[in-house]
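# Secondary and tertiary structure notes
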Amino acid sequence: MSTQRIYVAGHRGMVGSAIVRQLQASNAGTIVSRSHAELDLTNQAEVSAFFRAEKIDQIYLAAAKVGGILANNNYPADFGYENLMMECNIIHAAHTHGVQKLLFLGSSCIYPKHADQPMKEEALLTGTLEPTNEPYAIAKIAGIKLCESYNRQYGRDYRSVMPTNLYGPNDNYHSQNSHVIPALLRRFHEAVKSDAPEVVIWGSGQPMREFLHVDDMAAACIHVMDLEHSVLQNHTQPMLSHINVGTGVDCTIRELAETVARVTGYQGRLVFDTSKPDGTPRKLLDVTRLQALGWQASIPLEEGLSSAYQWFLEHQDQYRES
């Protein structure tokens, strides 16, 4: 058992909980965590006092205020302020209390709305962001640049990873606020229960998206955190240090829906409502840098969807009224 004290910020979230599971399975060290009720990460004094007391060696910064298009559009100030405050407080307190290693988790929405596909790390700050989640994206960009700045000025070893669309245990299956995979899993599950003759899906089904199981994401985070500093330096630059995390493979929304139908056992018709918007035609991350650093995803989409559906079946009571 390692003597490292590892703080996982956001340990109850989908990504944070997956990181905790894998760290515990490998006896990586003592996991330190705090709920929001125990520690308000937007409060600088509370965060500083926490670090002073806990003598942390490593940090996985997975805490964030997250939501779909509707939430981002309705509460832009909340998404901008809370994410900026959390990352600023944690990264600065990590430095002032002598924590040398930190991993910051961002989002693929940092890239310009019209970035070339697949999106390379170099696309950062080369164009206009998607307006609906611009404050969230800017907060995540600020987190990357804050990590790089403490590295450049103080010699810290603060790293950043940018995941593609994630799914898996502890995902949000709320009927209005969920992302595409939990929304489809729930919709097809309910169609099976009600013996519905068809399931209607927004758009043409032609847009392409990339999906990564959260257990793969957690494994990638730990892999990047554990890399020797010299190895990382060979593949990154001081002011272009973030690393994309994805599968490098995408599928159409139609193909996704057909896979979800198989996983849930739905045998009715799929109807695509072309009066509804498609969104961006394609969003795929270039994962060349991550693969060069020795990691690639291992959970195929259908296998991952099956495990996600099993988790939903075991926890569906909590979504019954939503």
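The notes below deal with the structure included here. Owing to the predicted nature of the structure, the values given are computational and were not obtained by experimental measurement. Think of each chain on its own: its residues are numbered from 1, step by step along the sequence as written. Local features in this predicted model are restricted to residues whose pLDDT is 70 or higher, and side-chain atom pairs enter the listing and the counts only when it is 80 or higher, whereas totals over whole chains, interfaces and linings include all residues. In computing side-chain values, all of the structure's heavy atoms are included and hydrogens and water are not.

### Side note on the packing of helix α1 (residues 14–25) against helix α7 (residues 214–226)
Only the stretch in contact is used when a helix axis is fitted, and all axes are lines through C-alpha atoms; the angle between N-to-C directions ranges over 0 to 180 degrees. Working definition: helices are DSSP H or I runs of at least four residues, strands are E runs of at least two. Numbering for both runs from the N terminus. Between α1 and α7, whose axes approach to 8 Å, the crossing angle comes to 65°. Judged by the twist between their axes, the crossing of α1 over α7 is right-handed. Here α1 contributes M14, V15, A18, I19, R21, Q22 and L23 to the contact with α7, which in turn contributes V214, D215, M217, A218, A219, C221 and I222. Each residue is assigned to one class: nonpolar for Ala, Val, Leu, Ile, Met, Phe, Trp, Tyr, Cys and Pro, charged for Asp, Glu, Lys and Arg, and polar for all the others, Gly among them. When its residues are assigned to classes, the contact of α1 with α7 shows eleven nonpolar, one polar and two charged. In this scheme the crossing of two helices becomes right-handed for a clockwise turn of the near helix relative to the far one and left-handed for an anticlockwise turn of less than a right angle. Pairs of residues are marked as contacts when any of their non-hydrogen atoms sit within 4.5 Å.

### Structural notes on the pairing of strand β7 (residues 198–202)
Throughout, exposure labels follow a simple rule: accessible area from a 1.4 Å probe, protein chains only, divided by the maximum for the residue type, with under 20% read as buried, over 50% as exposed, and the rest as partly exposed. Burial along β7 is one-sided: the face carrying V199 and I201 is buried and the face carrying E198, V200 and W202 is not. Relative to strand β12 (residues 269–273), β7 is paired through five bridges, and the arrangement is parallel. Looking at the pairing, I201 lines up with F272 of β12. A pair of strands counts as paired when DSSP detects no fewer than two bridges linking them.

### Concerning the packing of helix α6 (residues 180–194) against helix α11 (residues 301–315)
Two elements in contact, α6 and α11, have axes separated by 11 Å at closest approach and are oriented at 65°. As α6 runs across α11, the sense of the crossing is right-handed. For the pair formed by α6 and α11, the contact residues are I181, L185, R186 and H189 on the first element and L305, A308, Y309, F312 and L313 on the second. Across the contact of α6 with α11, the residue classes break down as seven nonpolar, one polar and one charged.

### Overview of the pattern of salt bridges
Pairing between side chains of opposite charge can happen when their charged atoms approach one another. Here, a salt bridge means any Lys or Arg side-chain nitrogen found within 4 Å of an Asp or Glu carboxyl oxygen. Scanning all chains against the criterion turns up 13 salt bridges. Ionic pairing is found between R282 and D250, a salt bridge with its closest N-O pair at 2.7 Å. Taken together, the residues span a long stretch of sequence, with R282 in strand β13 (residues 282–283) and D250 in the loop between β10 (243–245) and β11 (251–252) at a distance of 32 residues. Its relative accessible area of 16% is what places D250 among the buried residues. A single salt-bridge network, built from bridges that share partners, covers R5, R34 and E54.

### With respect to the sheet that holds strand β8 (residues 208–209)
Spatially, three strands are ordered β11-β8-β13 in an open sheet, and the strand pairing comes out mixed. Here the strands that pair on one side only, and so sit at the sheet edges, are β11 and β13. Note: β8 against β13, two bridges, orientation parallel. Paired with M208 across the bridge in β13 is R282.

### Brief notes about the packing of aromatic side chains
When we look at a pair of aromatic rings, we describe it by the centre distance and by the angle of the planes. In summary, the pairing rule links any two rings of Phe, Tyr or Trp, Trp by its six-membered ring, whose centres are within 6.5 Å, and it sorts them by plane angle into stacked for under 30 degrees, edge-to-face for over 60 and tilted for everything else. Summed over the entire model, instances satisfying the criterion amount to nine aromatic pairs. Consider the rings of Y7 and F50, whose centres lie 4.7 Å apart with planes at 55°: the pair is tilted. In this pair, Y7 sits in strand β1 (residues 5–9) while F50 sits in helix α2 (residues 44–54), placing the two residues 43 residues apart along the sequence. Each member of the pair, Y7 as well as F50, carries the same accessibility label: buried. Their ring planes at 25° and their centres at 6.1 Å tell us that Y173 and W311 sit as a pair that is stacked. Taken together, the residues span a long stretch of sequence, with Y173 in the loop between β6 (165–167) and α6 and W311 in helix α11 at a distance of 138 residues. You can call Y173 buried: its relative accessible area is 1%. Grouped by ring-pair contacts, the aromatic residues Y7, F50 and F51 constitute a single cluster.

### Some remarks on the environment of Y158
Relative to the helices and strands, Y158 resides in strand β5 (residues 157–163). Taking the C-alpha atoms as reference points, Y158 and A94, separated by 64 residues in sequence, lie 9.7 Å from one another. What qualifies as a polar contact is a pair of N or O atoms within 3.5 Å, subject to a donor-acceptor requirement within protein and to the restriction that residues adjacent in sequence count only when both atoms come from side chains. A polar side-chain atom of Y158 sits 2.6 Å from the main-chain carbonyl oxygen of V99.

### Re the nonpolar core
In these notes, a set of buried Ala, Val, Leu, Ile, Met, Phe, Trp, Tyr and Cys residues joined through side-chain atoms within 4.5 Å is what counts as a nonpolar core. Core analysis: the largest hydrophobic core is formed by 39 residues, its most contacted members being Y7, L41, F51, I59, I90 and L102. Taken together, the elements giving at least two residues each to this core come down to β1, α2, β3 (58–61), α4 (76–96), β4 (101–105), α5 (134–154) and β5. Look past the residues within four positions of L41 in its chain and what remains in contact with it is Y7, A9, V47, A63, M85, M86, N89 and I90. Membership of the second largest hydrophobic core comes to 30 residues, among which are V8, Y60, M225 and L227.

### Here we look at the sheet that holds β10
Pairing within the open sheet is parallel, and its six strands lie in the order β2-β1-β3-β4-β5-β10. Two strands close off the open sheet at either side, each with one partner strand: β2 (30–32) and β10. For this sheet the average axis-to-axis angle between neighbouring strands, irrespective of direction, equals 20°. Looking at chain direction, β3 and β4 are connected through four bridges and run parallel. Its bridge partner lying in β4, Y60 is registered against L103. Set on the sheet, α2 makes contact with β1, β2 and β3; between it and β1 the angle comes to about 160°. Running at roughly 145° to β4, α7 makes contact with β3, β4, β5 and β10 of the sheet.

Function-wise, these values are silent; they only describe arrangement.
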